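Take a look at the letters that make up each chain.
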Amino acid sequence: MSPVPFGKGLDRPALDPEIIRKDRLLLAAAELYCARERHDRAEVRAFAELALNLYDATSLADRRRVACLIARAPQVPTDVLTRFADDEDALVAYPVILHGAAISPEVLARVARRGPESLRRALLRRQDLDEATLVILATEAEPDTLLSLCDLPDGNLPDACLEVLCSRPAVMDRLGPLLAGRNVLPSDLLMANFPTLDPVNRQRALATAG
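In this text, all values refer to a predicted model and were calculated from it rather than measured experimentally. (Residues numbered from 1 in each chain as written. Predicted model: local features only at pLDDT ≥ 70, side-chain atom pairs only at ≥ 80, totals over all residues. Heavy atoms only, no water.)

Chemist: Lay out the packing of helix α3 (residues 60-70) against helix α4 (residues 78-85) with the relevant residues and their values.
Modeler: Contact geometry for α3 and α4: axes closest at 11 Å, N-to-C directions at 135°. For the element pair α3 / α4, the angle class is oblique. The way α3 lies across α4 gives a crossing that is left-handed. Between α3, through R63, V66, A67 and I70, and α4, the contact on the second element is made entirely by V80, L81 and F84. Grouping the amino acids of the contact of α3 with α4 by side-chain chemistry returns six nonpolar, no polar and one charged. (Axes fitted to C-alpha atoms, helices over the stretch in contact; angles between N-to-C directions. Helix = DSSP H or I, 4+ residues; strand = E, 2+ residues; numbered from the N terminus. Parallel < 35°, antiparallel > 145°, perpendicular 65-115°, else oblique. Left-handed = near helix turned anticlockwise from the far one by under 90°. Contact = heavy atoms within 4.5 Å. Nonpolar A, V, L, I, M, F, W, Y, C, P; charged D, E, K, R; others polar.)

Chemist: Give a description of the packing of aromatic side chains that names residues and reports values.
Modeler: All told, the structure shown has two aromatic pairs when counted by the stated rule. Measuring from ring centre to ring centre gives 4.2 Å for Y33 and F47, while their planes differ by 10°; the resulting arrangement is stacked. Here Y33 is found in helix α1 (residues 22-34), whereas its partner F47 is found in helix α2 (residues 41-54), with 14 residues between them in sequence. Accessibility expressed as a relative area gives 1% for Y33, which makes it buried. Here the aromatic rings of Y55 and F84 are separated by 4.8 Å at their centres, their planes lie at 85°, and the arrangement is edge-to-face. In this pair, Y55 is assigned in the loop between α2 and α3 and F84 in helix α4, connecting sequence segments 29 residues apart. Across the pair, F84 and Y55 agree in class, each one buried. (Phe/Tyr/Trp six-rings, centres within 6.5 Å; stacked < 30°, edge-to-face > 60°. Buried < 20%, exposed > 50% of the residue type's maximum accessible area, 1.4 Å probe, protein only.)

Chemist: Give a detailed account of the packing of helix α6 (residues 105-114) against helix α8 (residues 131-140), specifying residues and quantitative values.
Modeler: α8 packs onto α6 with a crossing angle of 5° between their chain directions and a minimal axis gap of 9 Å. Classed by the angle they form, the pair α6 and α8 counts as roughly parallel. Between α6, through P105, L108, A109, A112 and R113, and α8, the contact on the second element is made entirely by T133, I136, L137 and E140. Its residues placed into classes, the contact of α6 with α8 shows six nonpolar, one polar and two charged.

Chemist: Explain the environment of A132 residue by residue, including any values.
Modeler: Secondary-structure assignment places A132 in helix α8. Remark: the alpha-carbon pair of A132 and P105, spanning 27 residues in sequence, is separated by 8.4 Å.

Chemist: So what's going on with the pattern of salt bridges? Residues and values would help.
Modeler: Scanning the entire structure with this criterion turns up eleven salt bridges. Between D87 and R63 there is a salt bridge; the shortest N-O distance is 2.8 Å. Highlighted residues: D87 in the loop between α4 and α5 (90-99) and R63 in helix α3, separated in sequence by 24 residues. The residues D87 and R63 share a single accessibility class, namely buried. Measuring nitrogen to oxygen at the nearest pair gives 3.5 Å for the salt bridge that ties D86 to R114. Taken as a pair, D86 in the loop between α4 and α5 and R114 in helix α6 lie far apart in primary sequence, 28 residues in all. One salt-bridge network, held together by shared partners, links D86, R110 and R114. (Salt bridge = Lys/Arg side-chain N within 4 Å of Asp/Glu carboxyl O.)

Okay, here's the thing in C-alpha cells:
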C-alpha cells in the first residue's frame, strides 16, 4: 500500500520529509484525506486500514490534531471514529464524540458509562442520543452536567431517564426546579418520588394529589 494513497496527479501537495516518519504519517494521511470531500470505496478502505495500523505509533499531540480533522469530515470510516472515541485521552475523544456522525449507540453508551464529565457534556450536546444512553447519563453524570438535559430538543425525556433523575436527591436539587418549570415530570413520578423531590416539585406533587 502506498503510504499516502489519497489525491492524484500534480494536485497532490508535497510532504515534508519530517511528516512522513511513521509516527507522523497518520496526521499527513488525515490532512490529505480530509482535504477532499468525496472518496471512492478503495480510498475509504485504504484510509481506515492506514489509520488503524498507525494509531498506536502516533503521538498524543498528533492524535488530537487528527481527531479535530476527522470529527466533521465526510466519509470517515466508522471504525476509525470509534477508535478515536475510545481513546483514553479526553481531548482526543472530545471532538469525535461531539461531532462524529457515524458513531454507534453502543459506543455512545460506553462513553456515557466511563466518562469523564467533559465527554458526558459532549454527549449531551448531540441530537441523536438513544434512551439507553440517556439513562446511563442520568445514572452516572454529575448534577452540573445533567443541567444540559433541559436543553435537549423539545425537552422530552424518557420515563426511565426521569425515574433515575428523581432517585438522585443531589441531582433534583439542581435540576428539579428546571424540570418543574417545563412541566416535564408526570404526576405519577412526582408522587412516587416525593421524598427525593426538590421543593418546587413537591408543591406540584401536592397540587396534583389535591
